[in-house]
Amino acid sequence: MFETLGPAPVDPILGITEAYNQDPNPDKINLSVGVYKDANGHTPIFRSVKKAESRVLAEADSKSYLGMDGDADYQKAVQVLLFGTNHEIVSAQRAATAQTPGGTGALRVAGDFIHQQFPQATVWLSDPTWANHAKVFASAEVPVKTYSYFDAEANGLDFEALLEALQQIPDGDVVLLHGCCHNPTGVDPTPEQWEQISAVVGQKGVLPLVDFAYQGLGDGLSEDGRGLMALCQPGCELLVASSFSKNFGLYQERIGALTVVAGSQDAARTAMGHVKMSIRTNYSNPPAHGSSIVKTILNDPDLRADWDAEVKEMRDRINSMRKLFVDGLERKGVRRDFSFVARQKGMFSYSGLTPEQVDALREKHSVYVVKNGGRINVAGMTEQNMDRLCEAIADVLK
Ligand code: LMR
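Nothing here was measured: the structure is a model prediction, and the numbers come from that model.

## Some points on the pattern of salt bridges
Tallied over the entire structure, the rule returns 16 salt bridges. The salt bridge involving arginine 108 is made with aspartate 112; its shortest N-O contact spans 3.2 Å. With arginine 108 and aspartate 112 both in helix H5 (residues 102-117), this residue pair falls four residues apart, about one helical turn. What makes arginine 108 partly exposed here is its relative accessible area of 27%. A salt bridge links aspartate 219 to lysine 345; the nearest nitrogen and oxygen atoms lie 3.1 Å apart. With aspartate 219 in the loop between strand E8 (207-212) and helix H9 (226-231) and lysine 345 in the loop between helix H12 (301-331) and strand E11 (348-350), this residue pair connects regions lying 126 residues apart in the sequence. Among the charged side chains, a salt-bridge network with shared partners connects Asp219, Arg226 and Lys345.

## Points about a nonpolar patch on the surface
On the surface, a nonpolar cluster with roughly 480 Å² of combined accessible area is contributed by Met1, Phe2 and Leu5. The residue methionine 1 is located in the segment before helix H1 (14-22) in this model. Note on methionine 1: relative accessible area 87%, which makes it exposed.

## Comments concerning the site of the ligand
In the neighbourhood of the ligand, the contacting residues comprise Ile13, Val33, Gly34, Trp130, Asn183, Tyr214, Lys246, Phe348 and Arg375. Between the ligand and tryptophan 130, the relevant distance is 3.0 Å, taken from an oxygen atom to a side-chain nitrogen or oxygen of the residue. Note that an oxygen atom of the ligand is positioned 2.8 Å from one of the side-chain N or O atoms of arginine 375. Contact with the protein chains covers 83% of the free accessible surface of the ligand, which is 260 Å². Residue composition of the shell around the ligand, grouped by class: five nonpolar, two polar and two charged.

## Some thoughts on the pairing of strand E4 (residues 144-148)
In the sheet, strand E3 (residues 123-127) pairs with E4 via five bridges, with the strands oriented parallel. The partner of aspartate 127 across the bridge, within E4, is serine 148. Handedness of the crossover joining E3 and E4 through helix H6 (residues 133-139) is recorded here as right-handed.

## A word on the packing of H5 against helix H10 (residues 265-282)
In contact at an axis separation of 9 Å, H5 and H10 are set at 115° when each is read in the N-to-C sense. Here H5 and H10 pass one another in a crossing that is right-handed. Between H5, through Arg108, Val109, Asp112, Phe113, Gln116 and Gln117, and H10, the contact on the second element is made entirely by Ala271, His274, Val275, Ser278, Ile279 and Asn282. The class makeup of the residues in the contact of H5 with H10 is five nonpolar, five polar and two charged.

## Points about the side chain of serine 48
Along the polypeptide, serine 48 turns up in helix H2 (residues 47-59). Serine 48 sits in the buried class, given a relative accessible area of 0%. With residues near it in sequence (within four places) discarded, serine 48 still touches Ile297, Leu303, Asp306, Trp307 and Glu310.

## Side note on the domain arrangement of the protein chain
For the protein chain, the assigned domains are domain 1 (2-45 + 312-396) and domain 2 (65-299). Across the boundary between the two partners, domain 1 contributes 20 residues, which contact 23 residues of domain 2. Regarding the contact of domain 1 and domain 2, the summed buried area is about 1800 Å², with carbon and sulfur atoms giving 59% of it. Looking at the side of domain 1 facing domain 2, the largest losses of area belong to Arg315, Lys345 and Tyr350, adding up to 35% of the total buried there. In this assembly, domain 1 and domain 2 are joined by one salt bridge. Run the count over domain 1 and domain 2 and you get six residue pairs in polar contact (both at pLDDT 80 or more). When residues of the side of domain 1 that touches domain 2 are traced back to their parent elements, those giving at least two are H12 and E11. Per-element accounting of the side of domain 1 that touches domain 2 gives the leading share, four residues, to H12. Broken down by class, the residue content of the side of domain 1 that touches domain 2 amounts to 10 nonpolar, seven polar and three charged.

## Quick word on the nonpolar core
By size, the foremost hydrophobic cluster in this structure holds 93 residues, and its most contacted members are Leu166 and Phe325. Of all the elements, H12 adds the most residues to this core, at nine residues. In terms of domain composition, this core takes at least three residues from each of domain 1 (2-45 + 312-396) and domain 2 (65-299). Among residues more than four places away in sequence, those in contact with phenylalanine 325 are Val341, Ile376, Met381, Met386, Leu389, Cys390 and Ile393. Membership of the second largest hydrophobic core comes to 36 residues, among which are Ala19, Val109, Ala110 and Leu239.

Quick notes on the rules
- Residues numbered from 1 in each chain as written.
- Predicted model: local features only at pLDDT ≥ 70, side-chain atom pairs only at ≥ 80, totals over all residues.
- Heavy atoms only, no water.
- Salt bridge = Lys/Arg side-chain N within 4 Å of Asp/Glu carboxyl O.
- Helix = DSSP H or I, 4+ residues; strand = E, 2+ residues; numbered from the N terminus.
- Buried < 20%, exposed > 50% of the residue type's maximum accessible area, 1.4 Å probe, protein only.
- Patch = residues over 30% accessible without salt bridge, like charges linked within 9 Å, V, L, I, M, F, W, Y side chains within 5 Å.
- Areas by Shrake-Rupley, 256 points an atom, 1.4 Å probe, with all protein chains shown as cover.
- Near = heavy atom within 4 Å.
- Polar contact = N/O pair within 3.5 Å; in protein donor to acceptor, adjacent residues only side chain to side chain.
- Nonpolar A, V, L, I, M, F, W, Y, C, P; charged D, E, K, R; others polar.
- Pairing = 2+ DSSP bridges.
- Right-handed = clockwise from strand over helix to strand, strands pointing away.
- Axes fitted to C-alpha atoms, helices over the stretch in contact; angles between N-to-C directions.
- Left-handed = near helix turned anticlockwise from the far one by under 90°.
- Contact = heavy atoms within 4.5 Å.
- Domains from an automatic or database assignment.
- Buried area = accessible area lost by both parts, 1.4 Å probe.
- Core = buried A, V, L, I, M, F, W, Y, C linked by side-chain atoms within 4.5 Å.

So this is what it looks like as structure tokens:
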């Protein structure tokens, strides 16, 4: 049977790292997948994670299954991180959280839940969005459509077009919103714009699905939650897909969560019952190591303070790379205005390089970036690779 198979498509993000790994050039630069590198070009284990991990290992006494929705203390810690301790959503217990393998796992479980319980619903994605979104929902047999988001001329948000598009979404559909640090553009609504988005979505009876994978990498842990907070109105319904790959550096542990916010505690519990059925048919129950680390850090004031500081270090380094990159391009004589890079938030810069320029970067310079919008992972830039990177970009722009 396998002889008849054609080749599988190359993943537009993870496939680039596969190509990078084959490249013998010792000076190659990988700015494709969203993985943070420190000043030495290394993806470190957080100090808070190391400490939590040794505590977890010392205290662990069983490897029995977790429940389908994971660890209860972790679920609670995730809700407090998302909404704050005193939020009405938490005190009224109208949120229910399932631990999932990463943010992708949360999105896939959400997709299955939507397909099974709301088969008429379409999921609306921003144009552009993370390259995997449409595929995850297609795998769950959920139809997708797109709404306007990005103004390529201005390298900013096309807010008027966004609001108008949101108004056209039929009741009962789902709108996927990036909680912060929009992937791939790095362009987020302002807090005031979030209020307006929330008003439109609330009026329409459209279900927001917030993809929240970069909390803390934009303006700060609580600042990056302003969009989510704007959506959290009395009686609101929401889905939130969390990922802790980036903000805890736990990429390979696959740790995330799907949170259902319903109008009442009963409705949240019932919805979670269906979410658990989706989990059961996907992977039965989640792996435990990542959640043990995250809950240990979030529930211990000292570790939590360490973690906050580490997220800030990461954010500050990324922002300093943004400035260095803009200056570096200018110094190489690039005439095009790249100052927008310093205004974008999170890991990525939607550089506007064409597919041909992206190919030339790779073929001539062994610099690997994502084709869609010329997305560059700023968090992979270092002082060491900056000059070579800017030289390469200046060359392909000639
Ligand atoms: C990215 O966009 O690079 C990350 O979210 C990693 C991934 O899985 O694509």
